[in-house]
Each structure stands twice: as structure tokens, then as C-alpha cells.
Amino acid sequence: MLTYTLRRLLILIPMLLFLSFLIYLGLELTPGDAVSYMISPERYATMDPAELEAVREALGLDDPFLIRYAKWLGGVLKGDFGYSLQSGVPIRDIVFDRLPATLELSAGAIIISTIFGIFFGTISALKRGSIGDNALTLAGMLGVSVPRFIFGLLAILLFTFHLKWLPVGGRLRPGYEGFMDRLPHLIMPTLVLSATLVAGIMRYSRASMLDAMNRDFMKTARSKGLPEWRVNFVHGLRVSLIPVIVLIAFRLPILLGGTVIIEQVFQWPGIGSEFIGAVRSRNYPIVMMIAFFTTFAVLFVSFLIDLFTALLDPRVKLD
Amino acid sequence: MKDTEKKKTRLEKKFDKILIREDTGLIKNKKGSRAFRKLMSNRLAVAGIIIVSVILLASIFAPLICRYDPLKLDLRNKLQKPSMEHLIGTDQLGRDIFARIVYGGRVSILVGLGSALASAVVGVAIGAYTGYKGGLLDKIMLRLSELVMAFPQIILVLLLVTIMGQGLRNLIIIFTLTGWGGIYRMTRAQMLSLREEEYVQALRAFGLNNFSIAYKHMLPNAVGPIVVNITLSTAMFILYEAALSFLGLGVPLNIATWGNIVNIAQDLRYLQFFWWLWVPGAIVISLFVLGINFIGDGLRDSADPMQQG
């Protein structure tokens, strides 16, 4: 197990290094003076040219490219991600400020879509060929065909403007703090994001359940005289769940992508809307660093999933 | 004797009937069109073909069916409700929305299909050769594709938009750069399984060069899944174009595309009170993508006899 973990980690490290190199290359190639996002803007504004030159020297901006890259990487490892071009806020603060909102939204969406996706998929498989199955399959096709932001717009039109049940967007009204105050704002983006994710999970868990239903252990369970619900839900469902859970974990990048659009539609103050804002205003350091972090997160999660499935599945050789 | 007759299942009886009809020459063994006939018997796929052809033809023959220029401003008649004069009304600048949707289809479909074809060319060219040849190049390309696919695609697309700037041509290039991974991997997997076939070994023994074996002799056997992949990725790229244009980061706003038409709905006033500005565009995007997905699924089922609903 230890050697397996170490080997996986050793594959991860060169990929991350290469990734960080690409990100740094991007930062170097984009227009703008590198000093402007490496030191805090108050200092930048108050310095005269001679001082600036000294800082440039001290930061090593006249060094060869690879040495500059190594220094930048060292800073990133210590938590110095640079500064926003527009507001001058350290990028680290922006990320930590925005991250909880995104996590809240995506955690909610993944829980809801997993529960409903597996439920509908299993029902669909058990009632294969029925009207309900066909209706769910068609709904699933619709779910992957209608763009996410259109779901969002229709939800705003319906729940905010026609029914007047929910606020149009944002996360908190000024002066409110608790989770219960946030809840009305959270409902719509979470449900819309879930709705767009349910389709894929449903399709996959239907196939997985159909696969499980054809296995021999189901016949064994039936011949033992177990009631049908027990055969299906205890014996069948449990086996069909493993690949579905792995798929959901692997779909995390798609989830993150979905969050970007949904956050923008609902003005949700998360990483996604910050990212869009940075792209619009050509705030290169923020764009690069957010891309770096999300990819880092995805690579790390897929590393964890690999370990996890290796632990669960005795067929995967660990050494 | 009678017992065995009874034990035959419905399916076996059906086969018997077909065999008898084949023997008597009533049906010819139409081998080439088997997949096509199967596709045509799939109701959803036929519905998809109809939806897609209607929208496609309308876009191609746009000048024949539109009375208005999609770019012509007419501020006197702005925000008109749907009427006989303007079938779906006019937008905030007085442009005819029907014309904008029909002409917008040209650009949206061009971006979707163009990017799907371009990424297929890149992915298949790399995947076919490295999958057959193996070795260091194969390893490098595999790692590279892993890296590209580790990015959430929308993040990578937006990152490249920041660096390269907006525009129709840039968008197709960006989609190709970010989208070749999937079809590359699929082609590579196909080649890996084909590599062990005897005819490939025979060709190698004849002394044919690697390019000829990979592209001329092996690739045609992997064409089914590739076509399915192109179809489904066309749908995906149309969705991406729509999302990016909706954010105002895709095709420049002065060109009509389906995403740019829906873009107006970001303004809550238009979202709430002027539904005809964005709902028809949204419906057309969804319908077109739905149609393509129907066709893609139908093609997959008809190309792969192992897969049964």
C-alpha cells in the first residue's frame, strides 16, 4: 500500500511541476509589468524609479527565466500567490474569501444530485422498458442538452419573478450572517446545479444497476427466498453503487465547470464568479492562480480516488 | 418432436422466419446498410435527424427565409412584441429576432461542427499513430492529454480566451486545443485493440511502413466510434459556445450567435419583461443540441451491436 501511494505521488509531482511551469509561462507572456503583481500596490505606488529598480533587482526580475520560475514557485509553496492587478488585494485572501461560498454550493449540489441521480437511475433500471423508464431517459437527455445557464434563467423567471418565492441571486443581504439567512439564496443555485448533474448520474447508475441485476448473486439471493425489495436494494444496489460513486468523484471537474456558469447567473460570490470577473478585466494573475488551484485540486482528488478504489477493490494490485 | 418445437422462444421463431424469407430470396442481405436501417428504426434518432435538418437548412438558406437583415438597427421599432411583421419580435436595438436566430445558427453550428471536426482531426491523427506505434511518443502524448483533461474544461477555455483574446477563429482554435483529449484517447484505445489483429501482423510482415498501416489499414476499422464521438462533441461545443457567449466572452457580441442572443437575459429587466428576446434563442439551442444527442445515441446503438438499451 505504501509503495503504491508513493508511486502515485511520484507521478503527481512532475505533473504539478509541469502545470506550474505552464502557469508561470502564461504569467510571463501576458502583458503587464511583473512587479505590479508581486509586491503590494501601496508600496508600488509610493516608490520612485530608482527604488523600483532596486526592488526589481531584489525580486530577481532580471534573473534568467528558470531562476525566476524557481523563485516564484518557492513563493507559491510558502503561500505567496501574488496580488490582484486591479484591487491590489493579495490573491490568497481573495481565494480564501471566496472559497467557502463555492464549497457550500458545490457540496450541496453534489449531495442532492447524487441522491436523486442514484434513486432515479435505480428505479429506471428496475422498471426497465416501462413508461416511467422512458420518461426518465428522455428527461435525462433533456438534462444534458439544455445549457446550464438556461436552466438558471428559467428558474429565476419562475421562482423569483412569477412565484416570488426566492431572491434573484447573491449570497447574503447586508446585515445578515447566519446560515438560515443564507438559505433562501442558496436554494435556487444549488437546485439548478443539481438538476444539470442528475442526468449524467442517473444514466450511469441505471446502466450499473442493470449490470448488477444480471449477476449470479442476485439469483442466489432470490433462491434463498429473500423478498424482492431486499434482493434489489440490499444486494443489487450495493454492488451497483461502487462504480457510480467513483464516476461522481471523477466528474468533479465537470462540477467545478458548472459552478462557474451557475455562480455567474446567480451572482453567487464564489471562486467561479471571481474567475469570470478576472477574465473579463484581463486580471491575469488571478486567472492563472485560480486555474492552477482548480487543476491542482482535481489532480489531488483523482489521486485520492485512485487510492480509495485500490483499497476497496482487491483486484487492483498494490505493489 | 413436438416438445422441441414448443421450447423455441419467440426470438428463435423470429429468426426462423427471417431465415426462411432469406432462403426464398424475399429479403436480400443488405450488409452495408444494416447500421443505417437500425438508425432509421430508432424513433428518437429520426426525430433528431428531423430537428437538426430543419434548423440546419434554415440556417443555410437564411437569406431566402428572412425578410430582415440580422444586423440592421431600427431603434424606432425596438422591443416589438411578436407579430406578423416581426415573427418573434425585435430586440432592444430593433433587430429582427427571427433573422438573428436563423443567421446566428450559421455561426453557432460553424463553431460547434468546426471545433468538433478540428479536434477529431488532431485527436485521430495523434491517437492512430501513437496508439499503433507505442513507445516514448505515445507515453508523452498520453501524459499531455491527462494534463489537458485534468483542467476543468471551462477553466482552461477561459484561461486561453484571456491569453488569446475573443473572436470566432480563436474560439475554434481554443476548443480544438482543449477538446482533442477525449477523441485522442478513444482512437488510441481502438488502435491498441486492433494492433493485435492478424491482418496487422500480416501487413507488418509485408514490410508496409507504419503510417500506411496505421492510417490506411487500421483507421477505417475505428471509424464508427469516431463518428459517434464527433457528433456528440459537436453538441458539447455548441453548448460551450452558448455558455461563453452568454458570459460575453465567446464570439464578439456584434456577430449574431445563439449564445449572444441569450446574452441579453443577463439583464434582469429583459429577463423578466421581454421574454421573446431570449426564450426563442434558448429553445433553439436546446432543441438543436437535443437533436444532435438523439442522433449521436442512435448512431452509437447502431454502430455497436453489443450495446442494447
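Starting from 1, residues in each chain are numbered consecutively following that chain's sequence as written. For naming, the first written chain is A and the first written ligand is 1, with later ones following in the order written. Since the coordinates come from a predicted model, pLDDT governs what is reported: local features require at least 70, and pairs of side-chain atoms require 80 or more to be given and counted, while whole-chain, interface and lining totals use all residues. With hydrogens and water set aside, each side-chain value is computed from the structure's full complement of heavy atoms.

A. Layout of the overall build of chain A. In this text, helices come from DSSP runs of H or I with a minimum length of four residues, and strands from runs of E with a minimum of two, each type numbered from the N-terminal end. When helices and strands are tallied, chain A shows 14 helices and zero strands. Along the chain direction, N to C, the helices and strands of chain A fall in the order α-α-α-α-α-α-α-α-α-α-α-α-α-α. Each residue is placed in one exposure class: buried if its accessible area under a 1.4 Å probe, protein chains only, is under 20% of its type's maximum, exposed if it is over 50%, and partly exposed if it falls in between. Relative to its full complement of 319 residues, chain A shows a buried share of 46%. Whether two residues touch is decided by their heavy atoms; if any such pair falls within 4.5 Å, the residues are in contact. In chain A, of all internal contacts separated by at least 6 residues, the share reaching a separation of at least 24 is 72%. Note on areas: these come from Shrake-Rupley sampling with a 1.4 Å probe, and a residue is covered only by the protein chains present in the view. About 16300 Å² of surface is accessible on chain A, with carbon and sulfur atoms providing 68% of the total.

B. Layout of the interface of chain A and chain B. Taken together, the 45 residues of chain A in the interface contact 41 residues of chain B. Taking both sides of the interface into account, the surface hidden between chain A and chain B amounts to around 3700 Å²; carbon and sulfur atoms contribute 79%. For salt bridges, the criterion is a side-chain nitrogen of Lys or Arg within 4 Å of an Asp or Glu carboxyl oxygen. At the junction of chain A and chain B, the tally comes to one salt bridge. Residue R203 of chain A pairs with D297 of chain B through a salt bridge whose shortest N-O separation is 2.5 Å. Definition of a polar contact: a pair of N or O atoms within 3.5 Å, with one able to donate and the other able to accept a hydrogen when the atoms are protein atoms, and with sequence-neighbouring residues admitted only if both atoms are side-chain atoms. Applying the counting criterion to the chain A and chain B interface returns three residue pairs in polar contact (both at pLDDT 80 or more). If you list the elements that add at least two residues to the side of chain A that touches chain B, you get α1 (2-29), α7 (131-145), α8 (148-162), α9 (179-213), α12 (252-265), α13 (271-280) and α14 (284-312) of chain A. With eight residues, the single largest contributor to the side of chain A that touches chain B is α14 of chain A. The buried area of a pairing is the accessible area, by a 1.4 Å probe, that goes missing from both parts when the two are put together, added over both.

C. Just α8 of chain A, in detail. Residues and elements named next belong to chain A. Under the 1.5 Å per step criterion, the end-to-end length of α8 is 20 Å for 15 residues, consistent within 8% with the ideal 21 Å. Where α8 is concerned, the buried positions are F149, I150, G152, L153, A155, I156, L157, T160 and F161. Downstream of α8 by a residue or two, K164 has a phi angle that is positive, lying close to 55°. Take the residue count of a helix, subtract one, and multiply by 1.5 Å to get its expected span.

D. Structural context of the packing of aromatic side chains. Residue and element names in this part refer to chain B. A pair of Phe, Tyr and Trp rings is counted when the ring centres sit within 6.5 Å of each other, with Trp represented by its six-membered ring. The angle between the planes then sorts it: under 30 degrees is stacked, over 60 is edge-to-face, the rest tilted. Considering all chains together, one arrives at 18 aromatic pairs over all chains under this definition. Taking 5.2 Å as the distance between ring centres and 25° as the angle between the ring planes, the aromatic pair formed by F175 and F237 counts as stacked. Here F175 is found in helix α9 (residues 168-194), whereas its partner F237 is found in helix α12 (residues 223-247), with 62 residues between them in sequence. Residues F175 and F237 agree in their burial class; the two are buried. Plain terms: the ring middles of Y270 and F274 are 5.7 Å apart, the flat faces sit at 50° to each other, and that makes the pair tilted. Just as Y270 is buried, F274 falls in that class too. Put simply, the rings of Y270, F274, W275 and W276 pair up and form one aromatic cluster.

E. Seen up close, a nonpolar patch on the surface. Residues and elements named next belong to chain B. Patch membership is restricted to residues that have no salt bridge and whose relative accessible area is over 30%. Joining uses 9 Å for like charges and 5 Å for the nonpolar side chains Val, Leu, Ile, Met, Phe, Trp and Tyr. A contiguous nonpolar surface patch, about 580 Å² in accessible area, is contributed by L56, L57, I60, F61, L64 and I65. When residues of the nonpolar patch are traced back to their parent elements, those giving at least two are α4 (43-60) and α5 (62-65). No other element matches the three residues that α4 contributes to the nonpolar patch. As for its position among the elements, L64 is in helix α5.

F. Summary view of a positive patch on the surface. A positive count includes Lys and Arg, and a negative count includes Asp and Glu. His and the chain ends are not counted in either. A charge is said to be at NZ when it belongs to Lys, at CZ for Arg, at CG for Asp and at CD for Glu. Taken together, the side chains of R10, K13, K14 and K17 of chain B make up a positively charged region of the molecular surface. Within the fold, K14 of chain B resides in helix α2 (residues 10-23).

G. Region of the structure containing the layout of surface pockets. Think of a 1 Å grid over just the protein atoms. A cavity is a set of points where a 1.4 Å probe fits yet cannot get out, a pocket is an open set with protein on both sides within 12 Å along at least five of seven lines, and lining residues have an atom within 4 Å of a point. Grid points are joined across faces, edges and corners, and a volume is the space filled by probe spheres set on the points. By volume, the second largest pocket amounts to about 600 Å³. Taken together, 25 residues form the lining of the second largest pocket, with L99, L103, L256, T294 and A297 of chain A sitting closest to its centre.

H. Structural context of the environment of G88 of chain A. Residue and element names in this part refer to chain A. Structurally, G88 can be placed in the loop between α5 (65-77) and α6 (91-126). You can call G88 buried: its relative accessible area is 11%. In the structure, G88 is positioned 44 residues away from Y44 in sequence and 9.9 Å away in space, judged by C-alpha atoms.

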